[in-house]
Amino acid sequence: MTSVSEPEQGDPAARTTTAKSTSRAGRDLPAAIAVGGALGVMLIVVLVFVPIAFVGVAAVAVAVASWEVTKRLREADILVPRIPLIVGGQVMIWLTLPLGATGAFAAFASSVLVTMVWRLLSGGLHEAPRNYLRDCAVSLFVLSWLPMFGAFAALLCIDDDGGARVLVLMIAVVCSDVGGYAAGVLFGRHPMAPAISPKKSWEGLGGSLLLCVIGSACTVAFLLDANPLIGVLLGVLVVFSATLGDLVESQVKRELGIKDMGTMLPGHGGLMDRLDSVLPSILVTWLVLAAFV
């Protein structure tokens, strides 16, 4: 997980150096690096010594991120049912361990049903729910966006080399984010999607591709003892999944009128602000490694 975002394009204020040592992206860069480094060390220790414990890490992360997202949605008067979303998400992740993908999809369908009924009866039997269709649609989006993608982390872990597979995923995402940030700072001139996220540049995307392809080729070859060309394919796909995941969250935050989903991680924002690029990349990594390794 990366520590920073690409810099705002064409923002004079973002180029000034402040007493708090903020980055051009408007983040507290030293704090962001320290937090990112600590999280990285923790994940490496877990993956090396107790790889199956990463399922628990993923479950906690999804629960916290779900709380952050539902809190922000409810602040915007989008009344998503918080309890069935969080509890259902946990069932989706943990049921994946004994039942695989079948367990995840069965839990997802059950969570959808409970969420629809929960919202329908939220005002009692004598009061029709307001904005029922909108709130249910957003609830299904949250279930798909967080725990469904998170459930594929469990699918990665249950393989014999599950720890190595998850490490390949995390290194790919970090390489994508760091490459994009560095290239964006040094060469970023052409915004990629200014209407959604002015911080993203085409130059940054090129930096993400370069570093992520190199990093993924190396990790697939050395950690999984597989053809590095598989890593090249994985690197390209992770760059696009990570970038699109970041753009999706940027649009959600833009519609909600907020900068971050939370304040849990200094220099980063909320936990969801660090998972936006990771979650869709879990699915991409599982698909590629399941098909070719």
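Note that the structure is predicted; figures quoted are calculated from it, not measured.

Trainee: Quick one: what's the story with the packing of aromatic side chains, residue by residue and with numbers?
Mentor: The full count for this structure, using the stated rule, is 2 aromatic pairs. Relative to W145, the ring of F141 lies with its centre 5.1 Å away and its plane at 35°, an arrangement referred to as tilted. Highlighted residues: F141 and W145, both in helix α5 (residues 132-157), separated by 4 residues, approximately one helical turn. Residue classification places F141 among the partly exposed positions, given a relative accessible area of 37%. Here F152 and W286 contribute two aromatic rings whose centre-to-centre distance is 5.2 Å and whose plane-to-plane angle is 55°, an arrangement assigned as tilted. You can see F152 sitting in helix α5 and its partner W286 sitting in helix α10 (residues 278-292), a full 134 residues away along the chain. According to the relative accessible area criterion, F152 is buried, its value standing at 8%. By relative accessible area, W286 is classed as partly exposed at 22%. The positively charged end of R82 is found above the aromatic ring belonging to W67, 3.9 Å away from the centroid.

Trainee: Provide a residue-level description of the confidence of the model for the protein, including the pertinent values.
Mentor: Residues of the protein with pLDDT of at least 70 account for 85%, and the chain-wide mean is 86. Within the protein, the lowest mean pLDDT, 67, falls on helix α1 (residues 29-49), and the highest, 96, falls on helix α7 (residues 202-223).

Trainee: Before we move on, can you summarise the nonpolar core with the specific residues and values?
Mentor: Within the largest apolar cluster, 66 residues are counted, with the highest numbers of intra-cluster contacts made by F54, V69, L73, L146, M272 and I282. If you tally residues by element for this core, the top one is α5, at 12 residues. Sequence-distant contacts of L146, that is, excluding residues within four places in its chain, are made with V62, A65, S66, V69, M272 and L279.

Trainee: I'd like a description of the UniProt feature "transmembrane region" (unreviewed entry) in the protein, backed by residues and values.
Mentor: The positions that UniProt labels "transmembrane region" (unreviewed entry) are, in the present scheme, residues 38-67, 79-97, 103-121, 133-156, 162-183, 204-224 and 230-248. This span, residues 204-224, is 95% helix and 0% strand, and a straight line between its end C-alpha atoms measures 28 Å.

Trainee: With reference to specific residues and values, describe helix α6 (residues 162-187).
Mentor: Between its first and last C-alpha, α6 extends 37 Å over 26 residues, near the 38 Å set by a 1.5 Å rise per residue. Burial analysis of α6 places 19 of its 26 residues in the buried class, which makes it a mostly covered element.

Trainee: Summarise the pattern of salt bridges; cite the residues concerned and give the values.
Mentor: Summed over all chains, the structure comprises 10 salt bridges. Of the charged contacts in the structure, one is a salt bridge between D159 and R165, with a shortest N-O distance of 4.0 Å. Classification of D159 by relative accessible area gives partly exposed; the value is 30%. By relative accessible area, which is 8% here, R165 ends up buried. With a closest N to O distance of 2.8 Å, R165 and D161 form a salt bridge. In this structure, a network of salt bridges that share partners links the residues K71, R72 and E75.

Trainee: Quick one: what's the story with unusual backbone geometry, residue by residue and with numbers?
Mentor: The phi dihedral of D77 is positive, around 70°, even though this residue is not glycine. Tracing the chain through its elements places D77 in the loop between α2 (54-75) and α3 (82-99).

Trainee: If you had to explain a nonpolar patch on the surface to someone new, which residues and values would you point to?
Mentor: A surface patch of nonpolar side chains, amounting to about 740 Å² of accessible area, comprises V41, I44, V45, V48, F49, V50, I52 and I158. In this fold, V50 is placed in the loop between α1 and α2.

What counts, and at which threshold
Residues numbered from 1 in each chain as written. Predicted model: local features only at pLDDT ≥ 70, side-chain atom pairs only at ≥ 80, totals over all residues. Heavy atoms only, no water. Phe/Tyr/Trp six-rings, centres within 6.5 Å; stacked < 30°, edge-to-face > 60°. Helix = DSSP H or I, 4+ residues; strand = E, 2+ residues; numbered from the N terminus. Buried < 20%, exposed > 50% of the residue type's maximum accessible area, 1.4 Å probe, protein only. Lys NZ or Arg CZ within 6 Å of the ring centre and 35° of its normal. pLDDT = per-residue confidence, 0-100. Core = buried A, V, L, I, M, F, W, Y, C linked by side-chain atoms within 4.5 Å. Contact = heavy atoms within 4.5 Å. UniProt positions renumbered as here; feature names shortened; annotations may be inferred. Expected span 1.5 Å × (residues − 1). Salt bridge = Lys/Arg side-chain N within 4 Å of Asp/Glu carboxyl O. Patch = residues over 30% accessible without salt bridge, like charges linked within 9 Å, V, L, I, M, F, W, Y side chains within 5 Å. Areas by Shrake-Rupley, 256 points an atom, 1.4 Å probe, with all protein chains shown as cover.

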